[in-house]
Amino acid sequence: MSEEKAAQSGPGRGYLEEKGWRSWAYTLDHKRIGVMYLFTTLFFFLLGGVFGMLIRLELLTPGPTFFSDQTYNEMFTMHGSMMIFLFIIPGIPSGLGNFLIPLMIGARDVAFPRLNLASYWLFIMGIIVILFSLAHPMDTGWTFYTPYSAKTAASVTVLSFGIFLVGMSSILTGLNFIVTIHQLRATGMSWLRMPLFIWSMYATSIIQVVATPVIGMTFILLAMERLFGIGLFDPDKGGDPLLFQHFFWFYSHPVVYVMILPAMGAISEIIPTFSRKPIFGYKAIAYSSIAIALAGFLVWGHHMFVAGMSVYADVIFSILTFSVAIPTGVKVFNWIATLYKGSISLDSPMLYALTFIFLFIVGGLTGPFLGSLATDVHLTDTYFVVAHFHYTMMGGTVMGLFAGLHYWFPKLTGRMLDERPAKTAWAIIVVGFNITFFTMFITGMQGMPRRFAEYPEKYQAGNVISSIGAAILAFGILVMFYNYVRCMFRGAPAPADPWRGKTLEWTVPSPPPTENFETIPTVTGWPYSYGGKGDGDA
Amino acid sequence: MKDYQIYVSVWAALLVLTLVTWQVSYIDLGLANAAVALVIASFKASLVALFFMHLRQESRLVWGFAVFPLVILSLIIFGTLSDTLFR
Amino acid sequence: MPDEGGKVETAHADAGLAYESSKLGIWIFLGTEVLLFGGLFLAYAVFRIKYPELFHRDHLELNRTLGTVNTVVLICSSLSVAAGITAIRNGKADVLKKSLVVTLLLGATFLAIKYFEWSEDFAHGIYPGTDVFFSLYFMMAGVHGFHVLCGLLVMAWLLVQAGRGRFSAEYSTPVELTGIYWHFVDLVWIYLYPMFYLIG
Ligand code: HEM
Ligand SMILES: [Cu+2]
């Protein structure tokens, strides 16, 4: 649909034109698949959030009040595993990534559209299997440590299978993206002309492809342990319970970069657009994505300092852990340098992006305390850890996702978000978030352990504050979702490029037509040329 | 025809190596047994990869994706051994 | 890499690009397989170093001759796959069909021998869970055997497609990809064979 026509007849429907569930269930269009992922994962964000709220409800009082200890254990396991496996890992990569990658590199679709659809349905199949495990809900925490997970009455075997499927879906998506980025870039789009979001998605996909199989095997072994008692993790049979933790964290540490890198990519797009300045240090940001992905494979042992690893391993992993801080710091400094002397406009995407930087710095700076042996011995398994990873995952990734959703909402739906509710929601979320989780740093340092339904009286004040904060946070999130839903149907029609962004997705109408581009564009420069110095290639 | 010939020679080499490693396993060389067996296995594996899987003719990109997982694999093995060997 | 992007409009528009992409895809997939098996290799390394005597004692219980025969069977099946691919590249669909049949038979032989070995193990009271060595043996051989089985299913499907004349000198991508996968499965066995049957 041409742009003039779109202007005459309200928002064009673009790729959303076709109706009926079949047009979605069998679609090969990367944009529709991305949208389906977004809906699915955001659903689990809300559901996981409900469990988070129930946890906070129980923690209002020191003793067991609303739920039994067992129920509490099941709830934080639900909360953690849904948030991790069904929301945050697939969320940005498979959701926004699917939608944006072909648009940003000037392709009509991903390299293997059918595989793309298959991996969505694998994801759904995995979720269905996971639902079956609710017959005996999991109570192991999202980390599934042996020997407990080998013995508990919960349906670990079924759940393992479900997560295995979800993992396969993640692998296939990563594979698809790698090939797409290598093979389908438009004419003239050399590596150093790729948008930074693409760089970070490339790094993410690499991690997904090489780390996920390891967790797949971990879950196979866990299931076999329960079915046949193979004993590899069972000390009574000569096995080694710590081996499970090595397996688990060899995946689960790199995977925190699967969570954060795409968010960093989104931020790298939003900051220059709303500062109206070329991004500072393009190459440094691009290469640091790759560096983070690689360094992420070297540090998994920092989750096992108090588990009884050898002293050598403790020291090696502690030192290596600090190496990831370098490329991360590089990114943060470059974003800040981009802001410097920019003409900044504080639209809602930018507000979330700035929040990302701020909260992520807090989350990031508390990491080294946990990476150093001496302090970690004191802080591990306390609420300090809970605060740390919520600052990085919620303050970081989720804020990055929100920033991205606000930024690309017009492209996704063809309609504008209302700015006023968006900003109100933002303010509530920021306040609620910090009250909830900053308090946890303090209760954690005072020694409150994580994963308990009950706690000594002296921690009550902190917990009540956290719970109040959580209520505020939840309210803010509801306002934001209300705004999404309302504007999906009622929002003002969006022009092709509402934010004056420079990447290719803004050159096509909102929402984009099915095949994205009428003719494949030819790229002649990098995507951050806002006039003035730094114009042209990096 | 030339293609077939290469495959047949590789196949013959693989068979010979299998026989060698099989027979050597009956001789007691102490620790060297393991070393010999793994060296021969790696040699056979390289033959399969280079000729049967055509890695020989592949681009640098494919080579990269063939070798990179091995690097990661050695990482997880050495990282974990740094714990289990010295515990 | 002097890669300026912009090879063609879409993957579908250009058969050459589609072929290149699929090949890259299958290699990345094999990378994930390396790491899937990698977990087991890691466990093997850890326990083999920890319990050398146990591994030595146990590995004598396995049937070395059958293990060797199976290695030979798989190597032969690799040859027949490779021959089939060369044939179809030269447009000889009938040779492809024959070589697929041979491969299917060899693959089935491999599984049959495995079945025989395992029944014997069970008869001797050896199960997964007997001890660490046998757990690893059953896990690794089992996961590998599962890969053989999947390969055979795909191969059977290829045979059907070949029967319908789907493949030609111009288009043989599925055959080539399956071939690469099959060689990889062979390659894994090339390591499992010495690890369990020879050096234990
Ligand atoms: C809605 C806001 C949220 C609230 C109120 C909340 C609250 C909590 C609390 C209190 C715990 C500690 C439970 C305990 O150790 O006893 C927890 C654990 C956890 N949360 Fe959240 N959370 C929220 C959002 C998120 C998000 C967005 C993520 C990730 C994307 C997340 C991931 C996790 C994980 C992985 C755990 C660890 C579970 C375990 O110990 O197995 N949470 N959350
Ligand atoms: Cu970590």
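The structure contained in this document is the topic of the report that follows. (Residues numbered from 1 in each chain as written. Chains lettered and ligands numbered in written order. Predicted model: local features only at pLDDT ≥ 70, side-chain atom pairs only at ≥ 80, totals over all residues. Heavy atoms only, no water.)

A few points about the overall build of chain A
In plain terms, the rule: Strands are runs of DSSP state E lasting at least 2 residues, helices are runs of H or I lasting at least 4, and numbering of each runs from the N terminus. Throughout, the radius of gyration refers to the C-alpha atoms, and the reference size of a globule is 2.2 Å times the residue count to the power 0.38. Between buried and exposed lies partly exposed: a residue is buried under 20% and exposed over 50% of the maximum accessible area for its type, with that area taken using a 1.4 Å probe on protein chains only. Any pair of residues with heavy atoms lying within 4.5 Å of one another is described as a contacting pair.
When its secondary structure is counted, chain A shows 16 helices and 0 strands. Rg of the C-alpha trace for chain A: 23 Å, near the compact-globule value of 24 Å for 538 residues, within the 12% margin. Viewed in the frame of its principal axes, chain A has a C-alpha envelope of about 70 × 45 × 45 Å. Counting across all 538 residues of chain A, residues that qualify as buried make up 64%. Of the contacts made within chain A by residues no fewer than 6 positions apart, 82% connect residues no fewer than 24 positions apart.

Some remarks on the overall build of chain B
Secondary structure assignment for chain B yields 3 helices and 0 strands. Ordering the α and β elements of chain B from the N terminus gives α-α-α. Computed over C-alpha atoms, the radius of gyration of chain B comes to 17 Å, more than 25% over the 12 Å expected from 2.2 N^0.38 for 87 residues, which places it beyond the range of a compact globule. In terms of overall dimensions, chain B has a C-alpha envelope of 55 × 40 × 10 Å along the principal axes. In chain B, buried positions account for 46% of the 87 residues.

Regarding the site of ligand 1
Residue and element names in this part refer to chain A. So the rule is basically this: In this text, near means that some heavy atom of the residue lies within 4 Å of the molecule or strand in question. Pairs of N or O atoms within 3.5 Å make up the polar contacts considered here, provided that, within protein, one atom can donate a hydrogen while the other can accept it, and that residues adjacent in sequence are counted only when both atoms are side-chain atoms. Ten residue types, Ala, Val, Leu, Ile, Met, Phe, Trp, Tyr, Cys and Pro, are classed as nonpolar, four, Asp, Glu, Lys and Arg, as charged, and the remainder, Gly among them, as polar.
Taken together, 26 residues lie around ligand 1, and Tyr 72, His 79, Trp 142, His 390 and Arg 451 are the ones closest in. Tyr 72 places a side-chain nitrogen or oxygen 2.6 Å from an oxygen atom of ligand 1. At the level of secondary structure, the elements contributing two or more residues to the shell around ligand 1 comprise α3 (30-58), α4 (69-105), α14 (383-413), α15 (419-445) and α16 (460-490). Per-class residue counts for the shell around ligand 1 are 19 nonpolar, 4 polar and 3 charged.

Describing the coordination of the copper ion (ligand 2)
All names here are of chain A. Just so we agree on the cut-off: Shown as donors are all N, O and S atoms within 2.8 Å of a metal ion, widened to 3.2 Å for Na, K and Ca; because water is not in the atom set, sites may appear incomplete.
Every protein donor of the copper ion (ligand 2) is accounted for by His 253 (ND1), His 302 (NE2) and His 303 (NE2), and the metal-donor separations fall at 1.8 to 2.0 Å. In primary sequence terms, the donor set of the copper ion (ligand 2) follows H-x48-H-H. With a gap of 50 residues between them, His 253 in helix α9 (residues 241-275) and His 303 in the loop between α10 (282-295) and α11 (311-339) connect regions that are remote in the sequence. A relative accessible area of 30% places His 303 in the partly exposed class.

Side note on the interface of chain B and chain C
Note the cut-off: Summed over both partners, the accessible surface that disappears when two parts come together, traced with a 1.4 Å probe, is what is meant by buried area. Counted as salt bridges are all cases of a side-chain nitrogen of Lys or Arg within 4 Å of a carboxyl oxygen of Asp or Glu.
With 41 residues of chain B at the interface, the matching set in chain C holds 40 residues. Here chain B meets chain C over a buried area of about 3800 Å², counting both sides, of which 80% is carbon and sulfur. Here chain B and chain C share 1 salt bridge between them. Residue Glu 58 of chain B is joined to Lys 23 of chain C by a salt bridge in which the shortest nitrogen-to-oxygen separation is 3.2 Å. Broken down by secondary-structure element, the contributors of at least two residues to the side of chain B that touches chain C are α1 (2-24), α2 (32-52) and α3 (60-84) of chain B. Examining the composition of the side of chain B that touches chain C, we find that 13 residues originate from one element, α3 of chain B, more than from any other.

As for a nonpolar patch on the surface
Which entries qualify depends on this criterion: Patches here: salt-bridge-free residues with over 30% relative accessible area, like charges joined within 9 Å, nonpolar side chains (Val, Leu, Ile, Met, Phe, Trp, Tyr) joined within 5 Å. Residue-level accessible areas treat just the shown protein chains as cover; the underlying method is Shrake-Rupley with a 1.4 Å probe.
A surface patch of nonpolar side chains, amounting to about 490 Å² of accessible area, comprises Tyr 312 and Ile 316 of chain A, Leu 85 and Phe 86 of chain B together with Ile 49 of chain C. Mapped onto the elements, Ile 316 of chain A comes out in helix α11.

Considerations on the packing of aromatic side chains
Residue and element names in this part refer to chain A. As a reminder, the rule being used: Put simply, two rings from Phe, Tyr or Trp (the six-membered ring, in Trp's case) pair if the centres are within 6.5 Å, and we call them stacked under 30 degrees between planes, edge-to-face over 60, tilted for the rest. For a lysine, the NZ atom is tested; for an arginine, the CZ atom; a charge sits over a ring if that atom is within 6 Å of the ring centre and within 35 degrees of the ring normal.
Across all of its chains, the model carries 68 aromatic pairs over all chains by this definition. Arranged with centres 6.4 Å apart and planes meeting at 80°, the rings of Phe 369 and Phe 384 form a pair that is edge-to-face. Remark: Phe 384 occurs in helix α14 and Phe 369 occurs in helix α12 (residues 348-371); sequence separation between them is 15 residues. Taking the relative accessible area as the measure of exposure, Phe 384 reaches 5% and is therefore buried. Ring geometry for Trp 526 against Tyr 528: centres 5.5 Å apart, planes inclined by 80°, an arrangement best described as edge-to-face. Of the two residues, Trp 526 and Tyr 528, both sit in the buried class. The aromatic ring of Trp 24 is capped on one face by Arg 32, whose charged end is 4.3 Å from the ring centroid.

Thoughts on the interface of chain A and chain C
Tallying the contact residues gives 39 residues for chain A and 35 residues for chain C. For the pair chain A and chain C, the summed buried surface comes to about 3100 Å²; carbon and sulfur atoms form 71% of the total. It is Gln 183, Met 217 and Leu 232 of chain A in chain A that bury the most area against chain C; as a group they hold 19% of the surface buried on that side. For the interface between chain A and chain C, the tally reads 0 salt bridges. Summed over the shared surface of chain A and chain C, the number is 2 residue pairs in polar contact (both at pLDDT 80 or more). Of all the secondary structure elements, the ones that give two or more residues to the side of chain A that touches chain C are α7 (156-183), α8 (196-228) and α9 of chain A. With 10 residues, α8 of chain A is the single largest residue contributor to the side of chain A that touches chain C. Of the residues belonging to the side of chain A that touches chain C, the class tally is 26 nonpolar, 9 polar and 4 charged.

Some thoughts on the coordination of the iron atom of ligand 1
With distances of 2.0 Å, the protein atoms coordinating the iron atom of ligand 1 are His 79 of chain A (NE2) and His 390 of chain A (NE2). Classification of His 390 of chain A as buried rests on a relative accessible area of 14%.

So, the side chain of Thr 328 of chain A
Along the polypeptide, Thr 328 of chain A turns up in helix α11. Each residue touching Thr 328 of chain A, except ones within four places of it in the same chain, is listed here: Met 264, Ile 292 and Phe 360 of chain A.

Focus on α10 of chain A
Residues and elements named next belong to chain A. Applied cut-off: The length a helix should cover is 1.5 Å for every residue beyond the first.
With 14 residues, α10 ought to run about 20 Å at 1.5 Å a step, and its terminal C-alpha atoms sit 20 Å apart, in line with that. Turning to α10, its buried residues are Tyr 282, Ile 285, Ala 286, Ser 288, Ser 289, Ile 292, Ala 293 and Ala 295. Those residues of α10 hidden inside the fold are in contact with α8, α9 and α11.

With respect to the packing of α1 of chain B against α2 of chain B
Residues and elements named next belong to chain B. Selection rule: Note on geometry: axes are C-alpha line fits, over the in-contact stretch for helices, and angles between N-to-C directions span 0 to 180 degrees. By definition in this entry, angles of less than 35 degrees are roughly parallel, angles greater than 145 are roughly antiparallel, angles of 65 to 115 are roughly perpendicular, and the rest are oblique.
Close contact between α1 and α2 brings their axes to 10 Å; oriented N to C, the two are set at 170°. Taken together, the axes of α1 and α2 lie roughly antiparallel to each other. Only Asn 33, Val 36, Ala 37, Ile 40, Phe 43, Lys 44, Leu 47, Val 48, Phe 51 and Phe 52 of α2 make contact with α1, whose side of the interface consists of Ile 6, Tyr 7, Val 10, Trp 11, Ala 13, Leu 14, Leu 17, Thr 18, Val 20, Thr 21 and Val 24. Of the residues contributing to the contact of α1 with α2, the split by class is 17 nonpolar, 3 polar and 1 charged.

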